[in-house]
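Summary of structural features
In case you want the letters, here they are:
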Amino acid sequence: MINLKKNNLKKIFFKEKFFFLIIILILLILISGCSKSSKLGKKTTKKSVEEIRIGTEGIVVIFVPNNPPAIVHVEKDAPNEVKAVLQLNNKGAYPQPDEGVRGLAPGFGRLYLSGYDTNIVEFTQKSIDLSQLALEGKSTINPNGGLDFVTFDGKVIYDNLNVEKYEPTLLVTACYYYFTIAGPQVCIDPDPYSTIIKKKVCEVNPITLSNQGAPIAVTRIDEEALAQKTHFRITIKNVGSGEVIKATAYDITGPTPESFDKCNPFGEKKLEREDVDKVFLQEAIVGNKALKCGPFAEGSVEGFQGLVRLINGEGSIICKLDKTDYAPTNTAYTTPLKIKISYLYKTTAERKFTIKKETSGLGGESGGTGVITPPPSQPEQEFPFGGEI
């Protein structure tokens with residue numbers, strides 16, 4: 001009997017020990033899985049940081065469906081309201097959290113509504129300040145960029161509508177200040193003409209770049225290594241669907257109001273040929289050395305910053321790095337080349353709709369008495385032979 005009890009206790013002990021070991025194994029598997037997922041999460045975050053500066057668009061504007069509707073019916077003594085609702089999406093990489101208006105919107109930008117007869121359709125405002133909207137650039141926490149909506153409230157002036165049907169096309173124009181930043185690695189060779197065969201970590205070759213999350217992109221860098229300097233030919237291209245405009249100020253305060261006046265369909269300033277297809281090179285830096293570049297389209301021919309003209313949507317600038325600014329080494333090395341470009345960019349969207357003037361048909365214009373007048377009575381007709389029909 002005692003031996004039986006001992007055997008039962010041993011069985012219970014081994015079962016508990018086995019169960020305890022299983023729990024430990026399960027916990028180890030879970031911890032290992034969490035560790036792996038954590039590492040994977042870090043890789044994903046790192047990848048997303050690299051991916052935010054891709055794409056060829058900045059701020060995209062579209063009309064919200066049915067706003068305004070396809071047909072707007074107007075009547076006498078009625079409110080005759082009309083609304084234009086727009087969706088704005090920042091599909092580019094500017095601004096980042098430390099840029100623009102607290103990282104939430106471009107520092108400068110306006111939205112204009114035009115294309116209609118102001119004597120017939122009247123909107124309470126003709127422009128909206130984009131810096132007051134939630135239009136942050138793409139980021140690791142928000143890879144889709146900021147999204148916001150604006151509404152232009154208006155009404156149709158019935159008494160000024162002298163036709164039964166008016167078909168205006170609303171044109172919305174977005175004009176905003178934007179930046180492009182590119183940072184490829186380049187090769188610096190202090191001794192490009194050496195006849196001695198030696199191992200080099202890099203070679204001087206042309207670099208082709210993809211877009212940088214903006215409508216203006218640095219697409220190519222051609223490098224030439226000389227005995228006393230290195231030249232960089234930087235190609236810049238309008239890869240978006242809009243129009244690039246010269247801003248009239250380029251420091252941290254942004255463009256002057258006159259720049260936006262030329263985007264304004266109702267403004268006094270007219271957009272001239274010299275105002276379009278120009279971007280501003282704010283800086284080109286190799287390592288920590290600013291490059292002198294040229295030729296510029298206006299002002300000094302050569303300098304550290306200036307306007308670059310685009311012809312058929314593309315332009316280039318040549319920058320140079322003197323050998324005295326190389327890193328203290330006799331062998332080839334790689335280093336980042338930072339290029340920062342600023343500009344005004346203009347995009348548009350259209351919506352055609354119909355304004356229909358309603359009338360009652362029988363009682364004249366709607367809003368009348370609504371009483372239908374009967375036709376005059378007709379005399380009784382007489383038929384031969386006293387017959388009837």
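Scoring rules and cut-offs
- Residues numbered from 1 in each chain as written.
- Predicted model: local features only at pLDDT ≥ 70, side-chain atom pairs only at ≥ 80, totals over all residues.
- Heavy atoms only, no water.
- Disulfide = S-S within 2.5 Å.
- Helix = DSSP H or I, 4+ residues; strand = E, 2+ residues; numbered from the N terminus.
- Buried < 20%, exposed > 50% of the residue type's maximum accessible area, 1.4 Å probe, protein only.
- Contact = heavy atoms within 4.5 Å.
- Salt bridge = Lys/Arg side-chain N within 4 Å of Asp/Glu carboxyl O.
- Pairing = 2+ DSSP bridges.
- Phe/Tyr/Trp six-rings, centres within 6.5 Å; stacked < 30°, edge-to-face > 60°.
- Lys NZ or Arg CZ within 6 Å of the ring centre and 35° of its normal.

Details of the state of the cysteines
Under the counting rule described, the total for this entry stands at 3 disulfides. Each sulfur in the disulfide pair C175 and C263 lies 2.0 Å from the other. With C175 in strand β9 (residues 169–182) and C263 in the loop between α2 (257–261) and β15 (278–286), this residue pair connects regions lying 88 residues apart in the sequence. Given a relative accessible area of 0%, C175 falls into the buried group.

Considerations on the side chain of S114
One can find S114 in strand β4 (residues 109–114). Among all residues touching S114, those that are not within four sequence positions of it are T169, L170, L171, P265 and F266.

A short note on the environment of V60
Its location among the elements puts V60 in strand β1 (residues 59–63). Considering only alpha carbons, one finds V60 and T348, 288 residues apart in sequence, at a separation of 8.7 Å. Setting aside residues no more than four positions away along its own chain, V60 makes contact with Q87, L88, N89 and K91.

A few points about the pattern of salt bridges
Close approach of charged atoms allows side chains with opposite charge to pair. Taken as a whole and judged by the stated rule, the model has 14 salt bridges. Across the salt bridge formed by E243 and K346, the nearest N and O atoms sit 3.4 Å from each other. Linking E243 in strand β14 (residues 243–245) with K346 in strand β20 (residues 333–352), this pair joins segments that are 103 residues apart in sequence. E243 gets classed as partly exposed once you look at its relative accessible area, which sits at 29%. D275 is the salt-bridge partner of K262, the closest N and O atoms lying 3.0 Å from each other. Here the residue K262 occupies a position in the loop between α2 and β15, and D275 occupies one in the loop between α2 and β15, the gap between them amounting to 13 residues. Residue classification places K262 among the partly exposed positions, given a relative accessible area of 23%. Using a relative accessible area of 5% as the deciding quantity, one classes D275 as buried. Because the salt bridges share partners, they merge into one network encompassing K246, E274, K278, E298 and R309.

Side note on the environment of Y193
Tracing the chain through its elements places Y193 in the loop between β10 (185–188) and β11 (207–208). Along the primary structure Y193 and A225 are separated by 32 residues, whereas in three dimensions their C-alpha atoms are 9.0 Å apart. The residues contacting Y193, other than those within four sequence positions of it, are A225, L226 and A227.

Some thoughts on the sheet that holds strand β17 (residues 292–294)
Strand order across the open sheet formed by 5 strands is β11-β12-β13-β19-β17, with antiparallel pairing between neighbours. Each of the sheet's edge strands pairs with one partner strand only, and the pair in question is β11 and β17. Taken together, the 9 bridges between strand β12 (residues 216–225) and strand β13 (residues 229–238) define a ladder with antiparallel strand orientation. Within β13, the position partnered with I221 by the bridge is I234.

Digging into the packing of aromatic side chains
Aromatic ring pairs are reported here in terms of the distance separating the ring centres and the angle at which the planes meet. Within the structure shown, the criterion is met by 9 aromatic pairs. Cluster of aromatic residues (ring-pair linked, three or more members): Y94, F108, Y176, Y177, Y178, F179, Y343 and Y345. The residue whose ring lies beneath K126 is F266, and the NZ or CZ to ring-centre distance is 4.4 Å. For the cation-ring pair, K357 lies above Y158, with the distance from its terminal atom to the ring centre recorded as 4.8 Å.

Nothing here speaks to function; it is all geometry.
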